[in-house]
Amino acid sequence: MKNKFLLLMVLGIVFFASCSDSDNKDTPKDFNGIYSTTSTDRVLDLKYSNAVFIGKSVDFNSADGKSATLKLQRVVPGESETVFSSVPLESGSSVYTFSAENKNDSRTVTLEGSIVKGKLTVNVNVKFAQNELMKTWDFSSVKMAWTPHDYPLTEVDLGFTKMKITTGLLATMAPTMLAKELKNYLQNVTFREDGNIVATYNTATVTEENPEPEADWQSSPLNLAQYCVKDGVCYVFLSLDMIMRQVDMDQEGRSTGTDPILGAVEQLLTDGIPVQFEKTEGDGKGALYVYLDQVLLKQLGPLLPLVEGLIPADTAFEATFIGKTISVPIGPILENLPGALEATTEMQVGLQFKEAE
């Protein structure tokens, strides 16, 4: 009897201990909350097209511990929130895994991931429907138009006389100079089906010892710039967190403090930069012109004083006019830009591309 009593006591302890462990085990209902890539309490490990994506958040909520609702906050280009409802949760020890799909006429979004106490892991893949931009485009030239043509911006001393630089004259001179410089840094741009914009750019660094280094062409990382096309307009979304992360990787020791300009731009770009585009066909290949118009450029006007403060007062660019090379100071132009933009009735500043081989 004594041995049986001891056996019952041991079994009872094991039973109650197992019940206690079960009661104390965390369930998905205990994980509810907003997970962020910047949080230390609810950590979000987010990947988009299998590449790290920071500066984002996901709302996880499970009412019954068996399924959950996940809300992706500004993860999919053009969507402030992408909702996955009634997502089944599969239990495996203390980890719960899930997968789901959200599909409409313009795109298909799939996700898979897992959640444990304090950490949500989400892998997102997106495929947009085919659009006119979805291919690789080689950079060709710069195009600019500005009306009215006669608004004065600055003047240049030619020695024997002074020449006024007006809006129309600047629009004539600047594209050639800008195109020459850009060709040293930009090779092509690809609009991917996942909504990413990838540029092939020159990463070679100019130094005093090597003022003309050999070009080092590389592709920009994923998730820095994304896009979606709505009603014939390309909306571009810049991830400032990702851009600053890349800058810090490229330039060790750079400060990561929040810049007031970045804060203003981030607010402005919440809904995407509306970029106009025109596509033409010729000689069996397409041509693409992407540009900003006067509506957006006027919205950027309040940022001009901040930009002006970052440019040295003696900065100038060289331009060729009627066979003569002249030096045009940047400072006076920036000072007069607010008035010029206010008077502007039509303006286009953009890049021209040709369909890649």
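Residues numbered from 1 in each chain as written. Predicted model: local features only at pLDDT ≥ 70, side-chain atom pairs only at ≥ 80, totals over all residues. Heavy atoms only, no water.

Time to look at the overall build of the protein. Looking only at helices and strands, the protein features seven helices and 23 strands. Within the protein, buried positions represent 38% of all 357 residues. (Helix = DSSP H or I, 4+ residues; strand = E, 2+ residues; numbered from the N terminus. Buried < 20%, exposed > 50% of the residue type's maximum accessible area, 1.4 Å probe, protein only.)

When the charged atoms of two side chains lie near each other, side chains of opposite charge can form a pair. Enumeration over the complete set of coordinates arrives at seven salt bridges. For glutamate 281, the salt bridge identified is with lysine 279, shortest N-O distance 3.8 Å. Residue classification places glutamate 281 among the exposed positions, given a relative accessible area of 58%. (Salt bridge = Lys/Arg side-chain N within 4 Å of Asp/Glu carboxyl O.)

Cis geometry is adopted by the peptide bond preceding proline 148, which originates at threonine 147 and carries an omega value of 5 degrees. Its place among the elements puts proline 148 in the loop between strand S11 (136-147) and strand S12 (152-157). Positioned with a positive phi, serine 86 is a non-glycine residue whose angle comes to about 50 degrees. Summarising the element assignment, serine 86 is placed in strand S6 (residues 81-88). Positive phi, close to 75 degrees, is recorded for asparagine 223, a residue that is not glycine. Judged by relative accessible area, which is 0%, asparagine 223 ranks as buried.

Turning to the environment of serine 106, a few remarks are in order. Relative to the elements of secondary structure, serine 106 occurs in the loop between strand S8 (95-103) and strand S9 (107-116). A C-alpha to C-alpha distance of 9.8 Å links serine 106 and asparagine 131, two positions 25 residues apart in sequence. When sequence neighbours within four positions are dropped, the list of residues in contact with serine 106 reads Lys127, Phe128 and Ala129. (Contact = heavy atoms within 4.5 Å.)

For the structure on display, the rule yields five aromatic pairs. With 6.3 Å between their ring centres and 65 degrees between their planes, phenylalanine 31 and tyrosine 96 make a pair best called edge-to-face. A residue pair is termed long-range when its members are at least 10 positions apart, and phenylalanine 31 in the loop between helix H1 (2-24) and strand S1 (33-36) and tyrosine 96 in strand S8 qualify at 65 residues. You'll find phenylalanine 31 and tyrosine 96 in the same group, each marked buried. A centroid spacing of 6.0 Å and a plane angle of 70 degrees characterise the contact between phenylalanine 139 and phenylalanine 353, whose relative ring orientation is edge-to-face. (Phe/Tyr/Trp six-rings, centres within 6.5 Å; stacked < 30°, edge-to-face > 60°.)

Attention now moves to the nonpolar core. Among soluble globular proteins, nonpolar side chains are generally buried collectively. In this structure, Phe60, Leu120, Val124 and Phe191 are the most contacted members of the largest nonpolar core, which totals 53 residues. If you tally residues by element for this core, the top one is strand S10 (residues 119-128), at five residues. In this structure leucine 120 touches Tyr35, Val43, Leu44, Asp45, Val58, Phe60, Phe98, Ser114 and Ile115, once residues within four positions along its chain are discounted. By size, the runner-up hydrophobic cluster in this structure holds 25 residues, among which are Ala171, Leu304, Ile330 and Ile333. (Core = buried A, V, L, I, M, F, W, Y, C linked by side-chain atoms within 4.5 Å.)

Chain-level pLDDT for the protein is 85 on average; 84% of the residues reach the 70-or-more range. Segment residues 10-23 is flagged for pLDDT under 50; beyond a separation of four residues in sequence, or across chains, it makes zero contacts in the model. With pLDDT under 50 throughout, residues 253-258 is counted as low confidence; its partners more than four residues away or in other chains account for five contacts. (pLDDT = per-residue confidence, 0-100.)

Looking at the element boundaries, threonine 154 is found in strand S12. Contact partners of threonine 154, with chain neighbours within four places excluded, come to Met163, Lys164, Ile165, Val328, Pro329, Pro332 and Ile333.

Bridging between S12 and strand S13 (residues 162-166) involves five bridges; their strand directions are antiparallel. Of the residues in S13, the one forming a bridge with proline 152 is threonine 166. Connecting S12 to the antiparallel partner S13 that follows it, the hairpin turn spans four residues, and glycine 159 within it adopts a positive phi of roughly 100 degrees. (Pairing = 2+ DSSP bridges.)

Mapped onto the elements of the fold, lysine 285 is located in strand S20 (residues 285-293). Each C-alpha atom, one on lysine 285 and one on lysine 354, is 7.4 Å from the other, the two residues being 69 residues apart in sequence.

Between its terminal C-alpha atoms helix H2 (residues 167-182) stretches 21 Å, which fits the 22 Å expected from 16 residues at 1.5 Å a residue. At alanine 174, H2 shows its largest bend, some 30 degrees, and a proline, proline 175, comes one to four positions later. Burial in H2 covers these residues: Thr167, Gly168, Leu169, Leu170, Ala171, Met173, Ala174, Pro175, Met177 and Ala179. (Expected span 1.5 Å × (residues − 1). Bend = angle between axes of the 7 residues up to and from the residue.)

Taking 1.5 Å as the rise per residue, helix H7 (residues 330-343) with 14 residues should run 20 Å; its terminal C-alpha atoms sit 20 Å apart, in good agreement. At leucine 337, H7 shows its largest kink, close to 45 degrees, and the proline proline 338 lies no more than four residues downstream. Turning to H7, its buried residues are Ile330, Gly331, Ile333, Leu334, Leu337, Ala340 and Leu341.

As for its position among the elements, serine 239 is in the loop between strand S18 (233-238) and helix H3 (240-250). Judged by its relative accessible area of 9%, serine 239 falls in the buried class. Apart from the residues within four sequence positions on either side, serine 239 is in contact with Phe53, Ile54, Asn223 and Leu224.

Let's shift gears to the environment of leucine 351. Among the structural elements, leucine 351 can be located in strand S23 (residues 346-355). The class of leucine 351 is partly exposed, set by a relative accessible area of 23%. Beyond its immediate stretch of four places on either side in the chain, leucine 351 contacts Phe139, Ser141, Val142, Leu182, Leu186, Leu288, Tyr289 and Val290.

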